[in-house]
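A structural walkthrough
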Amino acid sequence: MSTESHKLCMIPGPVEFHEDVLGAMSTPATSHVDPGFIQTFGEVLEGLRRVVATKDGQPFVVSGSGTLSWDLAVCNIIEAGDRVLVVNTGLFGDRMAECLEVFGAVVTTVRADRLGQAPNASAVGEVLAAAAREGRPYKMITITQVDTSTGVLADVKGIATVARNASPGTLVAVDGVCSIAAEELYMDDWGIDVIMTASQKALGTPPGLAIIVVSQRTLDAWRNRKSKVVGYFAAWSKWLPVMQAYEERRPLYFATPAVQLIMALRVGIQQLLDRGMDAVFQAHHQASADFKAYITDSLGLTLLPVTDDVAAHSMTAIYYPEGVKASDLLPRLTEHGVVVAGGLHPDLATRYFRVGHMGLTVLEPQRRYLETTKDALGTSLAEAGYKPSA
Ligand SMILES: Cc1ncc(COP(=O)(O)O)c(C=O)c1O
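Predicted model only: the values in this text are computed from it and were never measured.

1. Digging into the pattern of salt bridges
Evaluated as defined, the whole model comprises 16 salt bridges. One salt-bridge network, in which partners are shared between bridges, spans Glu 19, Glu 364 and Arg 367.

Written out as structure tokens, the structure reads:
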């Protein structure tokens with residue numbers, strides 16, 4: 001597709017890519033054990049540690065999408081019969097439970113009273129504490145930091161803190177596919193054991209890389225497991241030596257890495273680190289506040305998350321106004337050069353749409369990605385017959 005006909009990709013990932021990231025992919029065939037590539041891969045692993053603020057967390061970067069990052073974590077950590085608590089704020093919580101069960105976990109779910117809310121940390125703490133008191137502690141708790149189906153932000157820091165107090169042996173795992181490098185997360189300070197993410201969202205790189213970072217105590221749990229890992233491509237026994245080799249700038253092969261995507265990810269990560277992660281988080285906060293104010297105050301629309309404190313900064317989920325349907329709005333937006341995403345949660349799918357604002361789209365405000373999106377939204381809604389009440 002020519003870039004002239006390119007429409008702004010304002011969905012909650014993949015996001016718009018920087019030309020330097022794309023340039024890094026337009027490179028000649030390169031061996032995955034080429035010394036230059038080994039250096040690049042090593043820098044990616046070191047850079048990821050800085051993105052999630054960990055000294056000794058172990059990153060793994062493997063070809064695949066975000067969903068593979070779940071397999072990559074779950075199949076290595078979970079043994080049949082392990083109890084896992086899933087904090088559910090939308091569809092990705094449902095799917096996480098499904099994934100855990102595939103590997104034999106016994107799942108309990110905590111959720112808020114209705115979609116658009118998030119369970120509070122103390123409620124989660126009580127469930128963990130009760131299980132620990134009964135002598136049946138949870139092996140792991142999973143939290144979707146931003147559930148992309150609802151735009152709900154979970155209180156990862158609060159939940160991780162109560163989890164450490166209520167059930168110290170429980171591993172704290174975060175699905176950060178729609179949040180890493182957009183929402184604050186400090187792995188060591190917050191006591192996070194497992195982060196699962198992917199290349200195509202706030203890391204600003206095309207889709208195709210599954211990424212996890214795990215704590216040393218998670219690796220210990222894996223080393224001490226009683227049963228064999230059910231998995232071949234995703235087995236840490238295959239990948240850990242490879243990741244260690246790249247960091248030590250040595251060649252080692254298990255399965256061919258996506259060479260050009262790794263080159264692109266190095267650029268994406270470097271752009272974030274050059275800016276500084278706190279500045280990156282701040283840019284997402286600012287862009288999100290500005291965009292949401294336009295949606296609610298200027299357009300008079302309602303957000304799916306019920307309160308500001310549970311609204312993601314990486315994306316916005318918005319109800320269609322009365323009388324406007326997906327088919328009235330989304331094609332018009334596309335005509336005005338902006339692609340957004342429809343609803344995803346099956347309970348509400350026809351009633352809302354979603355806009356992503358992460359990575360380049362907020363880090364380079366002078367490119368006017370969000371301004372163009374706001375203009376297109378206002379115009380398309382007017383064309384669909386909607387008038388904001390004065
Ligand atoms: C929160 C969350 N988790 C997991 C996934 C799955 O990632 P992928 O589609 O890259 O497999 C997504 C995808 O959007 C997501 O938003």
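Having put the structure on the table, let's press on.
2. Considerations on the packing of aromatic side chains
The relative placement of two aromatic rings is captured by the distance of their centres and the angle of their planes. This model, assessed by the stated rule, comprises 11 aromatic pairs. Relative to Tyr 246, the ring of Phe 37 has its centre 6.0 Å away and its plane inclined at 85°; by these criteria the two rings are edge-to-face. Within this pair, whereas Phe 37 is found in helix α2 (residues 35–51), its partner Tyr 246 is found in helix α9 (residues 236–247), the two being separated by 209 residues in sequence. Comparing Phe 37 with Tyr 246, the two get one shared label, buried.

3. A word on the site of the ligand
Close contacts around the ligand come from Ser 65, Gly 66, Thr 67, Trp 70, Phe 92, Thr 144, Val 146, Thr 148, Asp 175, Val 177, Gln 200 and Lys 201, and that covers them all. Taking Thr 67, its side chain carries an N or O atom lying 2.5 Å from an oxygen atom of the ligand. The side chain of Asp 175 places a nitrogen or oxygen atom 2.7 Å from a nitrogen atom of the ligand. Summarising the interface, the protein chains cover 85% of the accessible area of the ligand, which totals 380 Å² for the free molecule. Considering each element in turn, the shell around the ligand owes the most residues, 3 residues, to helix α3 (residues 66–77). For the shell around the ligand, the per-class residue count stands at 4 nonpolar, 6 polar and 2 charged.

4. Considering the sheet that holds strand β9 (residues 194–198)
Read from one edge of the open sheet, 7 strands run β2-β10-β9-β8-β5-β3-β4, paired in mixed fashion. Here the strands that pair on one side only, and so sit at the sheet edges, are β2 (58–63) and β4 (106–111). The sheet shows a mean angle of 20° between the axes of neighbouring strands, taken without regard to direction. Against the sheet, helix α4 (residues 91–102) touches β3 (83–88), β4, β5 (140–144), β8 (171–175) and β9, its axis set at about 165° to β3. The strands touched by helix α5 (residues 121–133) are β3, β4 and β5; relative to β3, the strand with the most contacts, the crossing angle is about 170°.

5. A short note on the environment of His 336
Examined against the element boundaries, His 336 turns out to sit in the loop between α12 (326–335) and β12 (338–339). The spatial distance from the C-alpha of His 336 to the C-alpha of Ser 380 is 7.8 Å, given a sequence separation of 44 residues.

6. Thoughts on the side chain of Thr 150
Tracing the sequence through the fold places Thr 150 in the loop between β6 (146–147) and β7 (152–153). A polar contact is formed between the side chain of Thr 150 and the backbone oxygen of Thr 89, at a distance of 2.9 Å. Not counting residues within four places of it along the chain, the set of residues in contact with Thr 150 comprises Thr 89, Gly 90, Leu 115, Leu 304, Pro 305, Ala 317 and His 345.

Rules behind the numbers
- Residues numbered from 1 in each chain as written.
- Predicted model: local features only at pLDDT ≥ 70, side-chain atom pairs only at ≥ 80, totals over all residues.
- Heavy atoms only, no water.
- Salt bridge = Lys/Arg side-chain N within 4 Å of Asp/Glu carboxyl O.
- Phe/Tyr/Trp six-rings, centres within 6.5 Å; stacked < 30°, edge-to-face > 60°.
- Helix = DSSP H or I, 4+ residues; strand = E, 2+ residues; numbered from the N terminus.
- Buried < 20%, exposed > 50% of the residue type's maximum accessible area, 1.4 Å probe, protein only.
- Near = heavy atom within 4 Å.
- Polar contact = N/O pair within 3.5 Å; in protein donor to acceptor, adjacent residues only side chain to side chain.
- Areas by Shrake-Rupley, 256 points an atom, 1.4 Å probe, with all protein chains shown as cover.
- Nonpolar A, V, L, I, M, F, W, Y, C, P; charged D, E, K, R; others polar.
- Pairing = 2+ DSSP bridges.
- Axes fitted to C-alpha atoms, helices over the stretch in contact; angles between N-to-C directions.
- Contact = heavy atoms within 4.5 Å.

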